[in-house]
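Structural overview for review
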Amino acid sequence: MFRRTIRWQHCKIIIATSLVWFLIDVILIMYYTDCSSSSCKPGGERPEPGVGGRVVELGAAKKSEKSGGFLEKLLPSGLLRYSATGPGENGIAVIIPDSKKDEMKDLFKVNQFNLMASNMIALNRTLKDHRIEGCKKKEYPHDLPTVSVIIVFHSEATSTLMRTIHSVINRSPHSSLKEIILVDDYSEKEHLGKKLERTVAELPTSTRVLRMPKRSGLIRARLTGADEALGDVLLFLDAHCEVTTGWMEPLLARIKEDRKAVVCPIIDVISDETFEYVPASDMTWGGFNWKLNFRWYPVAKRENARRHNDRTMPLRSPTMAGGLFAIEKNYFNEIGRYDPGMDIWGGENLEMSFRVWMCGGSIEIITCSRVGHVFRKTTPYTFPGGTGNIINHNNARLAAVWMDEWKDFYFKVNPGIIAKSFTVVLRKSYNAQIII
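Residues numbered from 1 in each chain as written. Predicted model: local features only at pLDDT ≥ 70, side-chain atom pairs only at ≥ 80, totals over all residues. Heavy atoms only, no water.

Let's shift gears to empty space enclosed by the protein. With the rule as written, the count across this model stands at two cavities of 30 Å³ or more. A volume near 40 Å³ is recorded for the largest cavity. If you trace the largest cavity, you find it lined by Cys-264, Pro-265, Ile-267, Trp-296, Thr-319, Met-320, Ala-321, Gly-322, Leu-324 and Ile-365. When residues in the lining of the largest cavity are grouped by element, the largest group, three residues, is from strand E6 (residues 261–270). (1 Å grid on protein atoms, 1.4 Å probe; cavity = no way out; pocket = protein on both sides within 12 Å on 5 of 7 lines; lining within 4 Å. Points joined across faces, edges and corners; volume = space filled by probe spheres on them. Helix = DSSP H or I, 4+ residues; strand = E, 2+ residues; numbered from the N terminus.)

Right, dumping it as C-alpha cells:
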C-alpha cells in the first residue's frame, strides 16, 4: 500500500513537470512566430534602422493597439519586448568604422552633425529613463489639455526630423496629443517636399506640413504654426530632438495648474558627433550676459530654498533657452506672441522670457520632463542679411523695448551696435509691468 502511494506521487510529479515543459515550449514557439502584421523579422531583429527603415510604434501608436500578436493581447502590456541591439539603442554612442571616416566627414558638413551616424539609428530607437526617482512616482490628471506640437525646420536631415516626430508620437499620451504641425521654412532639399508629405500622412497622429513662401526664419515660422494650431497648448520643438518617457504629462499638468506658467523640459544633450544621449543637470537655470547671450548658471540658493530642496518641483528660471517650451495658446496671444519685428533667429528666447515675466507669467523648468537635443557647434545655414547683422538687430530691439534704463548697459558693452529708437507701444498695449 505504501509503495503504491509513492508510485502515484511520482506519477503526479512527472505529469506536472511534463505539463510545465509543454507550456514553456508553446510559449517559446508563439514568441518566435508572433509576427502578425509583419511586426518582426526572423531572429527577432529590429526594423532596418535609418531613413529607409520601417518603424514599429512601440506600444504608443494607435495602429499598434489593434495589430498586436496573440501573446501581446494575452499577456499584460509591456511584458514582451523585442531586443533592441541596433546602433545607438538606449542612447549609446554610434562608432563609425575607420574605413568610413572620410565619408562621415563629408556628410558631417551637410547639417553640421554626424549624418552617417543618424542614418544608422532606428527612427524609434530606445532611450534610458533618466528621470530622478521622485519623478517616476508622480501621478498626473487624466484630463490634461490638448496640445499642438509645432516643429519648424529648414533643410533638415530626414532621419533627425522623423526621429523627432516618432519619439513624440511614441512617448506622448494620445488623449492629449492633438496634432503635429511641421513648418517648412523654405527648405532647399528635395526629400523635404512631396515625399515628406506622403510619409507623415501615414502616421497615426494627425501630422501636416505648412510651407513658408520664402525664407522667413524661426520666429515668423513659429507664428505661422501657432495660427494654424488647434490644441489648447502650443508646444514648440526643434527638428533634431528626441523626447523621453513621461516628458509631456508634467508640462501639461503644470499649465493646467497655472495657465500663465510657460514651461520647459530639461534639455539633455545628443552628441553631434556620436548621437550619444547625455543627461543634463537638473540644477541649472537660464540667464544671460550683457551681450544678451543666453547662458546656463547654477541654480541660486534662494530658489532651492523656495522649492524646499525638492528637485521634482518646477524650477522658476529667469530666462529660457527658447528651442523647446510649452505655453497655453490663449495666454500666448494675450501677451502679444513673438515680436514680429525680430528677424530670422536670435534673441527671441530672451525676448519671450522678458515678455512673460513682465506680463505676469513665469518661466519654469519642469525637472520631471526631459528632451534630448542635438547641439551643433556651428549652424549649417545662411541668414539673409548676414548672421551678425540679424542677431545684433534683434538684440538691440530686445534691449530698447524691454530693458528700460538697463538698456544703457547693453549698448555700452556693445559699442558697435547702434541704439535705435524702437517703439515701446507694443509693450504698453499688453499692460506689461515688472513683477518683483
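Bringing the layout of surface pockets into the picture now. The volume enclosed by the second largest pocket comes to roughly 1,200 Å³. Partitioned by chemical class, the residues of the lining of the second largest pocket number 19 nonpolar, 14 polar and nine charged. (Nonpolar A, V, L, I, M, F, W, Y, C, P; charged D, E, K, R; others polar.)

A few words on the state of the cysteines. For the structure on display, the rule yields one disulfide. A disulfide bridge connects Cys-135 with Cys-368, and the sulfur atoms are separated by 2.0 Å. For the disulfide bridge between Cys-135 and Cys-368, the dihedral angle about the S-S bond is near -80 degrees, and by the sign convention the bridge is left-handed. One end of the pair, Cys-135, is in helix H6 (residues 133–136); the other, Cys-368, is in strand E12 (residues 362–374), with 233 residues separating them in the sequence. (Disulfide = S-S within 2.5 Å.)

Moving on: the packing of aromatic side chains. The relative placement of two aromatic rings is captured by the distance of their centres and the angle of their planes. Using the criterion set out here, one finds eleven aromatic pairs in the structure. Consider the rings of Phe-332 and Tyr-338, whose centres lie 6.0 Å apart with planes at 80 degrees: the pair is edge-to-face. (Phe/Tyr/Trp six-rings, centres within 6.5 Å; stacked < 30°, edge-to-face > 60°.)

In this section: the side chain of Asp-184. The topology assignment puts Asp-184 in strand E2 (residues 177–184). Ignoring any residue separated from it by four or fewer positions in sequence, one finds Asp-184 in contact with Phe-153, Leu-192, Val-209, Leu-210, Arg-211 and Met-212. (Contact = heavy atoms within 4.5 Å.)

With that settled, consider unusual backbone geometry. Positive phi outside glycine occurs at His-308, with the angle close to 55 degrees. By the element assignment, His-308 lies in the loop between helix H11 (301–306) and strand E10 (315–316). Taking relative accessible area as the criterion, His-308 reaches 66% and is therefore assigned exposed. Although it is not a glycine, Asn-309 sits at a positive phi angle of roughly 55 degrees. Within the secondary structure layout, Asn-309 lies in the loop between H11 and E10. (Buried < 20%, exposed > 50% of the residue type's maximum accessible area, 1.4 Å probe, protein only.)

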